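Examination of the molecular architecture
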Amino acid sequence: MPFGYKLVFAAILCLFSGFAANADQGETPQYIGSGVCIDCHQQQADDWRESHHAKAWMEPSEASIIGDFTGEPFALGESVFNFRYQDGTHSVTITEPDGTRASYDITDVVGITPLQQYLVETAPGRKQALDVAWDDIQGRWYELYPGEDYLPSDGLHWSGPYKNWNARCAVCHATGYEKNYAPQTRSYDSRQAEIGVGCEACHGPGSAHAEWAEAPGSFDITGMPGLSALGFTQEFPADDPEAQIQTCAGCHSRRAALTDESPVPGTPFHDSYELALIDADRLYYPDGAIKDEVYVYGSFLQSKMYQNGVRCSDCHNPHSGRLKAEGNAVCTQCHSEAGNTRFPSLKLADYDSPEHHFHESGSDGAQCKNCHMKAQIYMGIDERSDHAFRIPRPDLAAETRAPVACLDCHQDKDADWADAVILENHPDADRSPHFSQVFAHAEGGGNDREKLSALFEIAEYDAMPAILRASALELAFPHMRPEDAQTAAAFLGADDPLIRAAAIPLQRSAPPDQKIQRIGPMLDDPLRSVRIAAVKELLQTPGIPVPPALQPPFQTGIQEMQQWLVANADFPEGQLALAGTALALRNVPAALAAFGEASEQDPQLVDAWAMQVRLLAAQNRLDAAREVLSRAMTANPGNAQLLSLDLQLSAQ
């Protein structure tokens, strides 16, 4: 292997050499475990003990495991899984499609209902989630990803990087999690204060609060900046819904981590994560409806509820996770003739009646969530509801390809029928132009003036949710011309960090002096996600003259970017980001190392192989290029892109 992982680690460390580390942030409290909280907070503990949070990660035992471990074989394509319980140990024997067989002890248990997953250790410290899970509702083993039966050499195999527990899942199933990935050895030494989502996962490390509880009169928080008077890193003021929402969002969102640590509760979301926007294709439908698994936050940000100060605990008990009322009653807490004084803009009306939902009371069609929170099924059997709380617009379905809630029940009908029925019962239903009509066509082609104008119009509309305005800017990127950069600069001063971060790449084609003038101030942005976006964009122009006054924040931003790259070094997509950064800095050896590590982690990542071949060929290292291409074609036989590269190399 010509580009080893030790070189990758060295590349990460030296890519931004010469920049100072972050300053010490002062002493922080320590994690003490949920068990310490119970004596004083009995009711909250009782609610939490049987919650999905408490059971998000458990040790294997007869009490925690609900699956059938009697040894009956379960076939997943050509693979066979035998789950057994013997001599106090739960284990699985797996026969792979190539005939190889191995047995593993079950090391960890994940979740309780509607499904339970099991982890095994394939190397010391490296935990992997199996592709077979237990269906708690039907009492059966089932395939998480039907039709996917991969060889162990495939990156999508259960033992590959995309099913790795340490990197992909653990942080949101634990309290005080530290991944501790070592790129030099591709190994993990992960640690956590507590498995499961405990009290301190939301309230913060509890040692200072415990000191306060012991002696409130003499409690001293000197030397612990940011603590509340009760010793917490996170408070939930009644007049600040954002504090609670951002605490939940850390896990209930589709995002990329910006650091290698589990942020202490109370850390702003945008100091820890980069939120995935509405891409109108892969994660969301063009109208913002959920498509892939996005974990709620990105949907909720689109909603009128979020805009008007609704918080998670208005509907959910924060300790049990259960809804605060059954069925439509959770909605009619506010959406009723009585209303709710916290939300004076609500229209007072009887929504839980046939006059509104035009279905028989108590039927599926009369349930608010079935029309306004259209669900998708993930992990085979897990129904998740869309938290944008949208009003159905079947009139847009043909143009946007977005799903229609009505057709979940009326499967023999179509969108035109659904729209006619809605208009018959609600003749004043909104049928005005919708942002989804712009998003649906935004990704086709590039440099389209009409599309750019429409996207800018959405981004400029202050009443539009910030996530949609930011998404419009992200979708605008391929349609930008140099003369558009000045217009886009207006968005750099937006109040919302999503908009500021999304506006930064739109300066790509600006002259260097104008780029630094516009983006330079963003290096001092209060939020890390925006600062990293600014550094990434400035690095797209190697040698850009950074004025002396901006050198300190630029150096800090470089350090933060390094932390972001290190945090994702065990992700193939993280290695691609490192490689792209190295290319922007004209550091070809580091880029080769990162592309090599990406293809080592996922041998089916053809683009990573192809970039190595092209870079080596550009350096006239043809023998090395052919050797890499040979390994790529062995891992991906018949791939058209690699076959084309082979023809090109043969001609040289």
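Keep in mind that this is a model prediction, so the values were computed, not measured.

In this section: the packing of helix α24 (residues 606-618) against helix α25 (residues 622-635). One can describe the packing of α24 onto α25 by two numbers: an axis separation of 8 Å at closest approach and a directional angle of 165°. Of the possible angle classes, the one that applies to α24 and α25 is roughly antiparallel. As for how α24 packs across α25, the hand of that crossing is left-handed. Taken together, the residues of α25 that come into contact with α24 (itself represented by Trp-609, Gln-612, Val-613, Leu-616 and Ala-617) are Leu-622, Ala-624, Ala-625, Val-628, Leu-629, Arg-631 and Ala-632. Per-class residue counts for the contact of α24 with α25 are ten nonpolar, one polar and one charged.

Under the criterion given, the structure shown has 17 aromatic pairs. Ring geometry for Phe-83 versus Trp-141: centroids 3.8 Å apart, planes at 10°, classification stacked. Of this pair, Phe-83 sits in strand β2 (residues 79-86) while Trp-141 sits in strand β8 (residues 140-143), and the two are 58 residues apart along the sequence. Here the two residues Phe-83 and Trp-141 agree in accessibility, since each one is buried. Seen from their ring centres, Tyr-118 and Trp-141 are 5.8 Å apart, and the 65° between their planes marks the pair as edge-to-face. Residue Tyr-118 is located in strand β5 (residues 115-123), and its partner Trp-141 is located in strand β8; the two are separated by 23 residues in the primary sequence. A connected cluster of aromatic rings, assembled from ring pairs, spans Phe-69, Phe-81, Phe-83, Tyr-118, Trp-134 and Trp-141. Directly above the aromatic system of Phe-571 lies the positively charged group of Arg-168, at a separation of 4.0 Å from the ring centroid. The ring of Tyr-285 carries the charged tip of Lys-291 above its face, separated from the ring centre by 5.3 Å.

Within the structure shown, the criterion is met by one disulfide. Across the disulfide, Cys-172 is cross-linked to Cys-251 (sulfur-sulfur distance 2.4 Å). Across the disulfide from Cys-172 to Cys-251, rotation about the S-S bond amounts to roughly -100°, and the bridge is consequently left-handed. One end of the pair, Cys-172, is in the loop between α3 (165-168) and β9 (174-175); the other, Cys-251, is in the loop between α6 (241-249) and β13 (255-257), and 79 residues separate them in sequence. The exposure class of Cys-172 is partly exposed, given its relative accessible area of 22%. Residue Cys-251 is classed as partly exposed on the basis of its relative accessible area of 32%. For Cys-315, which is in no disulfide, the shortest distance to another cysteine sulfur is to Cys-331 and amounts to 6.9 Å.

Overall, the coordinates contain 28 salt bridges when judged by the stated rule. For Asp-108, the salt bridge is made with Lys-127, and the minimal N-O distance between the two is 2.9 Å. Of this pair, Asp-108 sits in strand β4 (residues 101-110) while Lys-127 sits in strand β6 (residues 126-129), placing them 19 residues apart in sequence. With respect to class, Asp-108 is no different from Lys-127; both count as buried. The partner of Arg-393 in a salt bridge is Asp-395, with the nearest N and O atoms 2.9 Å apart. The class for Arg-393 is buried, based on a relative accessible area of 17%. Each member of the salt-bridge network shares a partner with another, and the members are Arg-393, Asp-395, Asp-419 and Arg-431.

Across the seven residues that make up strand β3 (residues 89-95), a large majority, six, are buried. With seven bridges joining them, β2 and β3 adopt antiparallel strand pairing. Each residue of the ladder has a partner; that of Tyr-85, found in β3, is His-90. In this antiparallel pair of consecutive strands, β2 and β3, the connection spans two residues, and Asp-87 shows a positive phi of 55°. As judged from the five bridges shared by β3 and β4, these two strands associate in the antiparallel manner. When the bridges of β4 are listed, Thr-93 appears paired with Ser-103. Two successive antiparallel strands, β3 and β4, enclose a turn made up of five residues, where Gly-99 displays a positive phi of approximately 90°.

With that settled, the discussion passes to the pairing of β5. Relative to β5, β4 is paired through four bridges, and the arrangement is antiparallel. Directly across from Ile-106, in β5, lies its bridge partner Val-120. With antiparallel pairing between neighbouring strands as the criterion, β4 and β5 make up a hairpin whose turn holds four residues, including Gly-111 at a positive phi of roughly 80°. Strand direction decides the pairing type here: β5 and β6, joined by four bridges, are antiparallel. Residue pairing for β6: Ala-123 is matched across the bridge by Arg-126. A loop of two residues connects β5 with β6, the two strands running antiparallel in sequence, and Gly-125 in this loop sits at a positive phi of about 85°.

This part is about the side chain of Asn-82. Along the polypeptide, Asn-82 turns up in strand β2. On the basis of relative accessibility, which here comes to 13%, the residue Asn-82 falls in the buried class. Among the polar contacts made by the side chain of Asn-82, one reaches the main-chain carbonyl oxygen of Gly-71 at a distance of 3.1 Å. If we skip the residues at most four places from it in the chain, Asn-82 touches Gly-71, Glu-72, Pro-73, Ser-91, Val-92 and Thr-93.

Cut-offs applied
Residues numbered from 1 in each chain as written. Predicted model: local features only at pLDDT ≥ 70, side-chain atom pairs only at ≥ 80, totals over all residues. Heavy atoms only, no water. Axes fitted to C-alpha atoms, helices over the stretch in contact; angles between N-to-C directions. Helix = DSSP H or I, 4+ residues; strand = E, 2+ residues; numbered from the N terminus. Parallel < 35°, antiparallel > 145°, perpendicular 65-115°, else oblique. Left-handed = near helix turned anticlockwise from the far one by under 90°. Contact = heavy atoms within 4.5 Å. Nonpolar A, V, L, I, M, F, W, Y, C, P; charged D, E, K, R; others polar. Phe/Tyr/Trp six-rings, centres within 6.5 Å; stacked < 30°, edge-to-face > 60°. Buried < 20%, exposed > 50% of the residue type's maximum accessible area, 1.4 Å probe, protein only. Lys NZ or Arg CZ within 6 Å of the ring centre and 35° of its normal. Disulfide = S-S within 2.5 Å. Salt bridge = Lys/Arg side-chain N within 4 Å of Asp/Glu carboxyl O. Pairing = 2+ DSSP bridges. Polar contact = N/O pair within 3.5 Å; in protein donor to acceptor, adjacent residues only side chain to side chain.

This is a description of form; function is not addressed.
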